[in-house]
Amino acid sequence: MALVAGVDSSTQSCKVVVRDAETGRLVRSGSAPHPPGTEVDPAHWWTALTSAVDAAGGLDDVAAVSVAGQQHGMVCLDEDGAVVRDALLWNDLRSAPDAADLIAELPGGAPAWATATGLVPVASFTVTKLRWLARAEPRNAERTAAVCLPHDWLTWRLAGARGLDALVTDRGDASGTGYWSPTDEAYRPDLLELALGARPRLPTVAAPGAVAAETAAGVPLGAGTGDNAAAALALDARPGDVVVSIGTSGVISAVTRTPVADPSGLVAGFADAAGGYLPLTATLNAARILDAIAGLLRVSHAELGALALAAPPGAQGLVLVPYFEGERTPNRPDATGAVHGARLDNMTPQNLARAAVEGMLCGLADGLTAVRDLGVDVQRTLLIGGGARSAAVQTIAAEILGVPVSVPPAGEYVADGAARQAAWALSGADDPPRWTTDPAAEVRREPSTDGTGPQIRERYLAARDLVLNRRS
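Below, the structure is looked at part by part. (Residues numbered from 1 in each chain as written. Predicted model: local features only at pLDDT ≥ 70, side-chain atom pairs only at ≥ 80, totals over all residues. Heavy atoms only, no water.)

### Focus on the sheet that holds strand S22 (residues 380-384)
- The mixed open sheet is built from seven strands, whose spatial order is S18-S19-S17-S16-S22-S23-S24. Looking at the sheet topology across the chains shown, the edges are occupied by strand S18 (268-271) and strand S24 (443-445). This sheet shows a mean twist of 25° between the axes of neighbouring strands, independent of strand direction.
- Sheet topology note: the S18/strand S19 (residues 277-283) ladder contains four bridges and is antiparallel. In the sheet register, Ala 271 faces S19, and the bridge partner there is Tyr 277.
- Sheet contacts for helix H9 (residues 227-234): strand S17 (250-254), S19 and S22; angle to S19, the most-contacted strand, approximately 115°.
- The strands touched by helix H12 (residues 349-372) within the sheet are strand S16 (241-246), S17, S19 and S22, with S17 carrying the most contacts at an inclination of about 30°. (Pairing = 2+ DSSP bridges. Helix = DSSP H or I, 4+ residues; strand = E, 2+ residues; numbered from the N terminus. Axes fitted to C-alpha atoms, helices over the stretch in contact; angles between N-to-C directions. Contact = heavy atoms within 4.5 Å.)

### Topic: the packing of aromatic side chains
- Counting across every chain of the model gives three aromatic pairs.
- Seen from the ring of Trp 132, Arg 94 lies directly overhead, with NZ or CZ sitting 4.8 Å from the centre.
- Above the plane of the ring of Trp 46 lies Arg 157, whose end atom (NZ or CZ) is 4.4 Å from the centre. (Phe/Tyr/Trp six-rings, centres within 6.5 Å; stacked < 30°, edge-to-face > 60°. Lys NZ or Arg CZ within 6 Å of the ring centre and 35° of its normal.)

### Focus: unusual backbone geometry
- The linkage connecting Thr 329 with the following residue, Pro 330, adopts the cis geometry, with an omega of 5°.
- Tracing the backbone through its elements, the reader meets Pro 330 in the loop between strand S20 (319-321) and strand S21 (338-340).
- For Ala 161, which is not glycine, the phi torsion reads 50° and is therefore positive.
- With a relative accessible area of 30%, Ala 161 lands in the partly exposed category.
- Positive phi is not limited to glycine here, since Gln 316 has a value of about 55°.
- Secondary-structure assignment places Gln 316 in the loop between helix H11 (301-310) and S20. (Buried < 20%, exposed > 50% of the residue type's maximum accessible area, 1.4 Å probe, protein only.)

### Looking at the environment of Thr 329
- Take Thr 329: it is sitting in the loop between S20 and S21.
- For the pair Thr 329 and Pro 259, spaced 70 residues apart in sequence, the C-alpha to C-alpha distance is 20 Å.
- When neighbours within four sequence positions are excluded, Thr 329 is seen to be in contact with Leu 266, Thr 281, Ala 282, Thr 283, Asp 366 and Gly 367.
- Within polar-contact distance, the side chain of Thr 329 engages the side chain of Thr 281 at 3.0 Å. (Polar contact = N/O pair within 3.5 Å; in protein donor to acceptor, adjacent residues only side chain to side chain.)

### Focus: helix H13 (residues 391-401)
- Burial within H13 is extensive, with nine of its 11 residues counted as buried.
- Here H13 has its buried residues at Ala 392, Val 393, Gln 394, Ile 396, Ala 397, Ala 398, Glu 399, Ile 400 and Leu 401.
- With a side-chain oxygen lying 3.2 Å from the backbone nitrogen of Ala 392, the N-terminal cap of H13 falls on Ser 390.

### As for the nonpolar core
- Residues Ile 246, Val 357, Leu 361, Leu 383, Val 393 and Leu 401 are the most contacted members of the largest nonpolar core, which totals 56 residues.
- Take this core: its biggest share by element is 13 residues, from H12.
- Those residues within four positions of Leu 361 in sequence are excluded, and the remaining contacts are Val 393, Ile 396, Ala 397, Ile 400 and Leu 401.
- Membership of the second largest hydrophobic core comes to 42 residues, among which are Leu 119, Leu 130, Leu 235 and Val 414. (Core = buried A, V, L, I, M, F, W, Y, C linked by side-chain atoms within 4.5 Å.)

### Some details on the environment of Pro 433
- With respect to the helices and strands, Pro 433 occurs in the loop between helix H14 (413-427) and S24.
- Counting along the chain gives 13 residues from Pro 433 to Arg 420, while the straight-line C-alpha distance between them is 7.1 Å.

### Some words on the pairing of S16
- Of all the six residues making up S16, five are buried; the element is thus mostly covered by neighbouring parts of the structure.
- Here S16 runs beside S22; their pairing, made up of five bridges, is parallel. Considered in S22, the bridge of Val 242 is made with Thr 381.
- Both S16 and S17 contribute to a ladder of five bridges, which runs antiparallel. Counterpart to Ile 246 in the pairing with S17 is Gly 250.

### Notes on the pattern of salt bridges
- What the rule picks out here adds up to 27 salt bridges.
- Note that Arg 434 is salt-bridged to Asp 236, the shortest N-O span being 3.2 Å. Residue Arg 434 is found in the loop between H14 and S24, and its partner Asp 236 is found in the loop between H9 and S16; the two are separated by 198 residues along the sequence.
- Of the charged contacts, one joins Asp 366 and Arg 457 as a salt bridge, the two residues approaching to 3.2 Å between their closest N and O atoms. On the criterion of sequence distance, the pair formed by Asp 366 in helix H12 and Arg 457 in helix H15 (residues 452-469) is long-range, its members being 91 residues apart. Pair check on accessibility: Asp 366 and Arg 457 agree, each one buried.
- Each member of the salt-bridge network shares a partner with another, and the members are Glu 39, Arg 85, Asp 92, Arg 94 and Glu 137. (Salt bridge = Lys/Arg side-chain N within 4 Å of Asp/Glu carboxyl O.)

### Quick look at the packing of H11 against H13
- H13 packs onto H11 with a crossing angle of 35° between their chain directions and a minimal axis gap of 8 Å. From H11, Gly 305, Ala 308 and Leu 309 reach across to H13, where they touch Ala 391, Ala 392 and Thr 395.
- When the residues that make up the contact of H11 with H13 are grouped by side-chain class, the tally is four nonpolar, two polar and no charged. (Nonpolar A, V, L, I, M, F, W, Y, C, P; charged D, E, K, R; others polar.)

### Considering the pairing of strand S2 (residues 13-20)
- For S2, the tally of buried residues reaches seven of eight residues, placing the bulk of the element in the interior.
- The antiparallel pairing of strand S1 (residues 3-9) with S2 creates a hairpin that spans three residues between the two strands.
- Of the pairings in the sheet, the one linking S2 to strand S3 (residues 26-33) comprises seven bridges and is antiparallel in character. Note on S3: the bridge partner recorded for Val 16 is Gly 30.
- Taken together, S2 and the strand that follows it, S3, pair antiparallel across an intervening segment of five residues, in which Gly 24 is found at a positive phi of about 85°.

Written out as structure tokens, the structure is:
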């Protein structure tokens, strides 16, 4: 029995899973925390990786490894391969003014960026962080001989850090930098230079399923990928599938065979880890809405779900617009949440719980609509993340999203996707292995045909527009 290991190096922690390469059966796992903050010395990632590997029983019996990780992080290396400064993570927003400058400086503005890279610069993307570096820390910018992403750096370290030319990445993670074109499958060095004022070395982009490098012991290393692409690979998402992750924020990523470009910037036209594309949008408000209302009502999450299911669809006209922390889709960072339609006869705990679930899902539906508006086919949604464990969310989601919903068993999808990628590299096959799953372990819901979902969405959109049109 050959074993493979998948690594998830996320913002919060490093997780390692060891699985049977043929069946996908979980053999063992381990994890270790990362330090908090929006800038981190990459050495902490390496320390956490080695601790997580130890917790997982080591890798001596593992035949292949692959690393998935948080996207967009800026890791700058000097000529000797030393880290120039702490890595800026995706959630570091100091480069927001630089994003606006980059949009203005490229002839054609936002549409030209979308056409060139599938993205319109925002503070999370690597290209804007490089502009910040050039502006705020010019000496560090001058020292930068190579730029890579978190998963690239860890793969490079696993391979022995054998010079900057050995850096390797994949198309999924490269597509989140702002200087790689999913359409042309190539870097845009002119955009890199626009940002940094120079053209440092960049990782080679390995093909899906390729052996990208080897450890010192000769163990094959997969190309690795970004976290969302790894999750889609773990779920075996196909064209027509949309993965909806309900965590602290909400992420909506669709699998398609053709690249997309959204000049509005709401949808990022990423590539995936299997040779296709993964247009993605995000909402700032997801499971924390349920946290907030559960806290207000002084109930557990299970009790909140029971209250929501005890209320009628539409919560008797009570509508919650969930912009508790501003919003990304639509892009209104200063918006606030609101409760509309309150009356003496509908202000009950049950209706408020129901309105919270419906409002959160309606916000995610806005993201789904943004993806659909680009011509992406949507046949099914796969709900994952902590919020997807709620029975109320599972029951109501199909109505609000308007398509069949599947809720797979809880799992470490990013690490599992990396493990599947490692098994793919080990096999040398044209396609990733088909790991067996238990259909009975998956919750499935179909939307009704009585018009309930569209009615709820219509009331929500009316309330949402009142919030968006409100003057501050």
